[in-house]
2 protein chains.
Amino acid sequence: MNASQASRTELKSYLKSRRDEVETVLWELLPKPDGMAARLNEAMRYPLEAGGKRIRPLLVLIGADFCRGASQADLYAGRWWPEGEDELRRALLMTACAIEMVHTYSLVHDDLPCMDDDDLRRGRPTSHKVYGEAMAVLSADALHTLGFQILASVPERFAERSYYVARDLAVACGYPGMVAGQVVDLEYEQKQGTEEVLEYIHHHKTAALIRAGLTMGARMMGGAGRDVEILAQAGMKLGLIFQVVDDILDVVGDTAALGKQAGADEKLGKLTYPALIGLDQSKARVNALRDEIFALLEPEGERARVLLDITTELVEREA
Amino acid sequence: MNASQASRTELKSYLKSRRDEVETVLWELLPKPDGMAARLNEAMRYPLEAGGKRIRPLLVLIGADFCRGASQADLYAGRWWPEGEDELRRALLMTACAIEMVHTYSLVHDDLPCMDDDDLRRGRPTSHKVYGEAMAVLSADALHTLGFQILASVPERFAERSYYVARDLAVACGYPGMVAGQVVDLEYEQKQGTEEVLEYIHHHKTAALIRAGLTMGARMMGGAGRDVEILAQAGMKLGLIFQVVDDILDVVGDTAALGKQAGADEKLGKLTYPALIGLDQSKARVNALRDEIFALLEPEGERARVLLDITTELVEREA
């Protein structure tokens, strides 16, 4: 195993541990499947039970760590939190869960018959296949609200920070962001688009929420000004990487590894980078974005190292 | 015209003026129908353009006025705001708009083919009839988020209050409130329910958000403790009145006046008060709730008078 492989293994093990930490809080924040609306609560939990990479919650924690200047060595050695900061830890983990709730709501609605009409998500039948369309719509609506409810329930000491965090989340997932991307994405199915349109879709549909992960973490940590600005810039590029790699994997990837139908984009006539500029140019675009992130973050030194590791990981991911 | 009619006319004119005030801000907060996602923005505006009573935003203002002890005489004479409080005024009007965005999103989703499958709302074709199902789902999602974005954009001085306001809104419209009511409502279509189930549906589906209107206004005014508690109790009862009267009007009302198909509940086999306990008992229930609100609020004197007037109005409404 060479140095780069060793570092990659270390990152993966770090991310897995932090993912576990987030999930403990995630299950606690979701309603238990009992009472009069037990089936609603069950349907809210279902799409989250399939696992997933939890990229957005992880980026919340990574954004916060960047702001407080945590070192890669400390983080990889399991020293994740400053002593005596239990309420701050709670607030950050709740913020991480909030963005995952909102991301998950969007997946459930995207999969509906009137949208992408997907039967499979993360290797399991989609929500409307299991619970029916009405419950899929409503349980996702409930996850959407729950994201904002969680932000409005962090320890009261952080009430003011929560206001800025909620704004980042809302702008990223609402009409100025994700929903606009989804609308234009649907409009351009089976229709010739330009690179400008494709950038618009990717920026709005995916990158805005990835970016929000980093800035929400920063703001809940009390970060502002230049720190948030750097994270916002890096986050947008990272979000584009994430989506272009997704498009590439849809062409070259494997259904089993992806947990969703490979080739789905082509079948739907989606406007994607591989469809528009070809696979090689798409890969070149990913590498260029990675270089831009490195140019932006390397001057930040130690505190940027985990974010750079995760950038490399997202460039090289195969599922 | 007798004294009671005169007072009713005065209330109606007051509500109309304040509705106009809310609407000015409402149109300003909605995105303009231009740019790449112009059609999304247009679809967001569409269900709000049909007008409606704007009960929830009005209750936000009424809850705030209760907290600051505004007199009925001042309010009916057009003295609505304390001098030099432009930012507070702005924050309250934004709060009023936020709840209307969330209420409207829920109507658009309720009308979908997989839910109540309604063609008509406020006398106009429903969103999915005009824009298609995908856009109806997404534009309502965008209104849902916009509600929370607005709360996270009130003047920064009120950031901390906004956190409590957002919590009230989220609890009222999410899994602990409105969505749970909607799920149980759908489950009991064509199925025999008990009065307990019906109370659950009405409390959750309708009353929780009506109550939130009053408490959100109070909290944005800086109210807390006993004031919020009284408003919460009165708001829940007012919400029940609103829904039971809705059920009654669905039986005895007129399609043209209602702006929606009369008799729709019976056709869907909805669990309603008239269906369960008959019209006379339903009306008796409404009157009993009104008496409870009067018993609760009359001791509050002058500051409760507008809320009592609106209670009477909602008991007697015919559309």
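Structure: see above.
What comes next concerns the included structure. (Residues numbered from 1 in each chain as written. Chains lettered and ligands numbered in written order. Predicted model: local features only at pLDDT ≥ 70, side-chain atom pairs only at ≥ 80, totals over all residues. Heavy atoms only, no water.)

What follows deals with the overall build of chain A. When helices and strands are counted, chain A shows 16 helices and two strands. Restricting to contacts in chain A with at least 6 residues of sequence separation, those with at least 24 account for 76%. If you sum the accessible surface of chain A, you get close to 12,100 Å²; carbon and sulfur atoms cover 47% of it. Looking at chain A, you have 37 positive and 50 negative side-chain charges, and the mean spots of the two groups are 2 Å apart. (Helix = DSSP H or I, 4+ residues; strand = E, 2+ residues; numbered from the N terminus. Contact = heavy atoms within 4.5 Å. Areas by Shrake-Rupley, 256 points an atom, 1.4 Å probe, with all protein chains shown as cover. Lys, Arg positive; Asp, Glu negative; His and termini not counted. Charge placed at Lys NZ, Arg CZ, Asp CG, Glu CD.)

For the rest of this paragraph, the subject is the relation of the copies chain A and chain B. For the match of chain A to chain B, the screw axis carries a shift of 0.0 Å, the RMSD comes to 0.0 Å, and the turn is 180°. The transformation relating the two chain copies, once decomposed into turn and shift, fits a two-fold axis. Considering only C-alpha atoms, the residue of chain A closest to the rotation axis is glutamate 160 of chain A, which sits at 2.4 Å. A high fraction, 100%, of the interface residues of chain A reappear at the interface in chain B, so the copies pair face to face through one surface. (Least-squares fit on C-alpha atoms with pLDDT ≥ 70 in both.)

The interface of chain A with chain B comprises 53 residues on the first partner and 53 residues on the second. Buried surface at the junction of chain A and chain B, summed over both partners, amounts to about 4,300 Å²; 72% is from carbon and sulfur atoms. At the junction of chain A and chain B, the tally comes to zero salt bridges. Inspection of the chain A/chain B interface yields 11 residue pairs in polar contact (both at pLDDT 80 or more). The set of elements that each furnish at least two residues to the side of chain A that touches chain B consists of α2 (38-49), α5 (86-110), α7 (133-151), α8 (159-173), α9 (178-187) and α10 (195-220) of chain A. The dominant element in the side of chain A that touches chain B, judged by the number of residues it contributes, is α7 of chain A, at 13 residues. Of the residues assigned to the side of chain A that touches chain B, the class counts are 36 nonpolar, nine polar and eight charged. (Buried area = accessible area lost by both parts, 1.4 Å probe. Salt bridge = Lys/Arg side-chain N within 4 Å of Asp/Glu carboxyl O. Polar contact = N/O pair within 3.5 Å; in protein donor to acceptor, adjacent residues only side chain to side chain. Nonpolar A, V, L, I, M, F, W, Y, C, P; charged D, E, K, R; others polar.)

All names here are of chain A. Assignment of secondary structure puts arginine 54 in the loop between α2 and α3 (55-68). Separated by 2.8 Å, the side chain of arginine 54 and the backbone oxygen of leucine 48 make a polar contact. Non-local contacts of arginine 54, meaning those with residues more than four positions away in its chain, are made with Arg19, Glu23, Leu26, Trp27, Leu48, Glu100 and Arg122.

This paragraph deals with the pattern of salt bridges. Scanning all chains against the criterion turns up 58 salt bridges over all chains. Of the charged contacts, one joins arginine 226 of chain A and glutamate 300 of chain A as a salt bridge, the two residues approaching to 2.6 Å between their closest N and O atoms. Placement of arginine 226 of chain A in helix α11 (residues 225-252) and of glutamate 300 of chain A in the loop between α15 (279-297) and α16 (305-316) is noted, with a sequence separation of 74 residues between them. Relative accessible area serves as the criterion here: at 53%, arginine 226 of chain A is assigned to the exposed category. Glutamate 300 of chain A gets classed as buried once you look at its relative accessible area, which sits at 15%. Linking aspartate 168 of chain B and arginine 219 of chain B is a salt bridge whose minimum nitrogen-to-oxygen distance equals 2.6 Å. Taken together, the residues span a long stretch of sequence, with aspartate 168 of chain B in helix α8 (residues 159-173) and arginine 219 of chain B in helix α10 (residues 195-220) at a distance of 51 residues. For aspartate 168 of chain B, a relative accessible area of 15% corresponds to the buried category. Counted as one network, the salt bridges with shared partners bring together Arg18, Glu21, Asp65, Arg68 and Arg89 of chain A. (Buried < 20%, exposed > 50% of the residue type's maximum accessible area, 1.4 Å probe, protein only.)

This part covers the packing of aromatic side chains. This model, assessed by the stated rule, comprises nine aromatic pairs over all chains. Clustering of aromatic rings is evident, with ring pairs tying together Tyr14, Tyr76 and Trp80 of chain A. The ring centre of phenylalanine 66 of chain B lies 3.8 Å from the NZ or CZ of arginine 303 of chain B, which sits over that ring. (Phe/Tyr/Trp six-rings, centres within 6.5 Å; stacked < 30°, edge-to-face > 60°. Lys NZ or Arg CZ within 6 Å of the ring centre and 35° of its normal.)

What follows concerns α10 of chain A. All names here are of chain A. With 26 residues, α10 extends 35 Å between its outermost C-alpha atoms, agreeing within 8% with the 38 Å of an ideal straight helix rising 1.5 Å per residue. Largest kink in α10: about 50°, centred on alanine 207. Where α10 ends, the next residue or the one after it, glycine 222, has phi of about 95°, a positive value. (Expected span 1.5 Å × (residues − 1). Bend = angle between axes of the 7 residues up to and from the residue.)

Moving on, we come to a negative patch on the surface. Together, Glu156 and Glu160 of chain A together with Glu156 and Glu160 of chain B line one region of the surface with negative charge. You can see glutamate 160 of chain A is positioned in helix α8. (Patch = residues over 30% accessible without salt bridge, like charges linked within 9 Å, V, L, I, M, F, W, Y side chains within 5 Å.)

With that settled, the discussion passes to the state of the cysteines. For the coordinates displayed, the defined rule picks out zero disulfides over all chains. Cysteine 173 of chain A supplies the cysteine sulfur nearest to cysteine 97 of chain A, a cysteine that is in no disulfide, at a spacing of 16 Å. For the unlinked cysteine cysteine 173 of chain B, the closest cysteine sulfur is that of cysteine 173 of chain A, found at 13 Å. Using a relative accessible area of 0% as the deciding quantity, one classes cysteine 173 of chain B as buried. (Disulfide = S-S within 2.5 Å.)

Turning our eyes to something else, we now look at α15 of chain A. Residues and elements named next belong to chain A. With 19 residues, α15 should reach 27 Å at 1.5 Å per residue; the first-to-last C-alpha distance of 27 Å fits that figure. Among all positions of α15, only Ser282, Arg285, Val286, Leu289, Ile293 and Leu297 are buried. The buried residues of α15 occupy one face: seen down the axis, they fall within an arc of 100°. Structural note: α15 exposes Asp280 and Ala295 on the side pointing more than 90 degrees away from its buried face. On its buried side, α15 packs onto α3, α10, α11, α14 (273-277) and α16. (Arc of directions from axis to C-beta.)

Residues and elements named next belong to chain A. Across the interface, α8 lies against α10 with an axial gap of 8 Å and an inter-helix angle of 175°. Judged by the inter-axis angle, α8 sits roughly antiparallel to α10. For the pair formed by α8 and α10, the contact residues are Arg161, Ser162, Tyr164, Val165, Asp168, Leu169, Ala172 and Cys173 on the first element and His204, Ala208, Leu209, Ala212, Thr215, Met216, Arg219 and Met220 on the second. Counted by class, the contact of α8 with α10 contains 10 nonpolar, three polar and three charged residues. (Axes fitted to C-alpha atoms, helices over the stretch in contact; angles between N-to-C directions. Parallel < 35°, antiparallel > 145°, perpendicular 65-115°, else oblique.)

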